[in-house]
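As a plain string of letters, each chain reads:
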Amino acid sequence: MTKWRTLLLATIGFNFSFLIWFSFAPFTGPMAEEFGLSTAEIGILASAAIWLAPFGRILTGWLSDKFGAPTVFAIVLGYVGVFSMASAFAQSYTVFFVERLIVATAGITFVIGIQHVSEWFEEENLGMAEGIYAGIGNAGAAAGALILPTLFYAGWSGPIFETRWRAAFFYTGVVAIVLGIAYYLLGEAAKSEEKRQATADQASFEDWIHTATRYGTVVLALAYVMTFGLELSMNGWLATYYREGFNTQNLALASYFAATFSVAAGLLRPIGGYVSDVLARKEKNIIPFFAGRYREQWTFVTLSFVVVTMVGMTLAGLSGEVLIAVGTGFMVGMACAFAEGSIFAQVPAMFPNSSGAVAGVVGGVGTVGGIVYPLVYSSTAMPNLHMGYTVVAASMVPIVALTAWVFQPKIARVADQAGFLQRGDPPTAAGGDD
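Below is a short write-up of the structure. Since we're looking at a predicted model, the values are computed, not measured. For every chain, the first residue of the written sequence is number 1, and numbering continues from 1 onward in sequence order. The predicted origin of the model limits local features to residues at a pLDDT of at least 70 and limits the giving and counting of side-chain atom pairs to 80 or more, whereas totals for whole chains, interfaces and linings rest on all residues. Where side-chain values are given, they derive from all heavy atoms of the structure, hydrogens and water being excluded.

1. So, the environment of Val82
Take Val82: it is sitting in helix α5 (residues 69-87). With 140 residues separating them in the primary sequence, Val82 and Leu222 have C-alpha atoms 33 Å apart. Helix and strand assignments follow DSSP, with helices taken as H or I runs no shorter than four residues and strands as E runs no shorter than two, numbered in order from the N terminus.

The structure is reproduced here in structure tokens:
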């Protein structure tokens, strides 16, 4: 039963981390008014929420292997909570920006939970377990978009705040600290002392170099740029897009529209991992071109789906109908969910005793999309707010083409094994027969 408690604890911790990570999104309107921000500056704020995530995820992935997930998760939730509370009292935009930059490192908890879950679940069920963890966890962005406006736009701001977004930041910080304490007290690092020691022993710098430079790892990291990076960018941008692009004056309604994307991107993610598990167990080919690489076939299909739906997002926006755009946004979220689930069905199987390091590299690099894409959406070079989605889709095509090349059976056998400073765990067949 402890493994299910671990899954529950990690999922709750990451769900709230995601909520606090994007807790600014429902309040961009009031914050822009108070601090005098333009639409482009809101785009920068959305991008800034991701700035520290790449390095932070790489570091905390390794730290989780070295010291155990409960300790690292508790530390992150603790300092995030403190700075979230502090940001509620910021009087200058500069101070506020720096404090929210630190709060945004809540997103690095993703790799901590990935490592924690992989320390308890068997390889044949990893895709589903990690999909449940990450899917429900990612839905924290939807929870924030639905719960925070309901609580704080509805008239409650608390006894010490005149501005409701300040109250939201203060009280979410309090909850983060409480969750950090609970995680430390209730979490167990691994299913056995032998497993914990094996993971710690693999947490050397040489092993990390091998993990970071393994060619299959690099390709999956790029694929995660165009999926999870896209999800991050949409979580921080869509409320603004539905408000500005369609003249939606009701701020809470615009936030609810944006939440439909987050619901799909989060709650549907277990399906991506489950399908990958099933194809691998049944050794079923769905694309003969990649025969024998069962997980990779599903990953390629889902990546292609992401590109198609992003072009559809532009077409829906140009229609002028907000509900068509909301429905298409849901489809983009579905595509992200399936692709992310498929990617992280492969990742932990690569290095069973270095899952934190693997997740850190893929998850860290993947967040880059969340930094770049909001700048494209809000760019003044775009003829309108709808065209940025197609530009982003075009930038994804080379990544999909690279996966098509690397996922070929003969190349995949090399890509899944080769890297600098060949050390650590013997390579495993993460996607098919070797």
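Now that the structure has been shown, we can carry on.
2. Quick notes on unusual backbone geometry
Phi angles above zero are rare outside glycine, and Glu283 is one such case at about 50°. Along the chain, Glu283 turns up in the loop between α16 (269-282) and α17 (294-318). When accessible area is computed with a 1.4 Å probe and restricted to protein chains, residues below 20% of their type maximum are described as buried, those above 50% as exposed, and intermediate ones as partly exposed. According to the relative accessible area criterion, Glu283 is partly exposed, its value standing at 46%.

3. Thoughts on the packing of aromatic side chains
What counts as a ring pair is set by centres within 6.5 Å for rings of Phe, Tyr and Trp (its six-membered ring), and what kind of pair is set by the plane angle: stacked under 30 degrees, edge-to-face over 60, tilted for all other angles. Within the structure shown, the criterion is met by 40 aromatic pairs. Look at Phe89 and Phe170: their rings are 5.9 Å apart centre to centre, the planes differ by 90°, and that puts the pair in the edge-to-face class. Here the residue Phe89 occupies a position in the loop between α5 and α6 (93-103), and Phe170 occupies one in helix α10 (residues 164-186), the gap between them amounting to 81 residues.

4. As for a nonpolar patch on the surface
Exposure above 30% relative accessible area and the lack of any salt bridge qualify a residue for a patch; like charges then connect within 9 Å, and the nonpolar side chains Val, Leu, Ile, Met, Phe, Trp and Tyr within 5 Å. Residue exposure ignores everything except the shown protein chains as possible cover, and the areas themselves are Shrake-Rupley values with a 1.4 Å probe. Take a side-chain nitrogen of Lys or Arg and a carboxyl oxygen of Asp or Glu: if they are within 4 Å of each other, that pair is a salt bridge. Residues Leu146, Ile147, Leu151, Leu253 and Tyr256 make up a contiguous nonpolar surface patch of about 390 Å² in total accessible area. Where the nonpolar patch is concerned, the elements lending two or more residues are α9 (140-152) and α15 (251-267). In terms of residue count, the dominant contributor to the nonpolar patch is α9 (three residues). Note on placement: Ile147 falls in helix α9.

5. A look at helix α11 (residues 193-201)
Where α11 is concerned, the buried positions are Lys195, Arg196, Thr199 and Ala200. Within α11, the buried residues cover an arc of 130° as seen down the axis, which keeps them to one side. Of the exposed residues in α11, the ones pointing more than 90 degrees away from its buried face are Glu193, Glu194 and Asp201. As used here, the arc belongs to the directions running from the helix axis to the C-beta atoms.

6. A word on the nonpolar core
In terms of nonpolar packing, the biggest core is built from 119 residues, with Trp21, Leu230, Met234, Tyr242 and Met310 touching the most fellow members. Ranked by residues supplied to this core, first place goes to helix α18 (residues 322-350) with 10 residues. Any pair of residues with heavy atoms lying within 4.5 Å of one another is described as a contacting pair. With residues near it in sequence (within four places) discarded, Trp21 still touches Ala49, Ile50, Arg57, Ala104, Ala106, Gly107, Phe228 and Leu232. As used here, the term nonpolar core means buried Ala, Val, Leu, Ile, Met, Phe, Trp, Tyr and Cys residues forming a set that is joined through side-chain atoms within 4.5 Å. Judged by nonpolar contacts, the second largest core, of five residues, contains Leu279, Trp298, Met334 and Phe338.

7. A few points about the environment of Val326
Mapped onto the secondary structure, Val326 falls in helix α18. Residue Val326 is classed as buried on the basis of its relative accessible area, which comes to 10%. The spatial distance from the C-alpha of Val326 to the C-alpha of Thr260 is 7.3 Å, given a sequence separation of 66 residues. Not counting residues within four places of it along the chain, the set of residues in contact with Val326 comprises Tyr242, Phe257 and Thr260.

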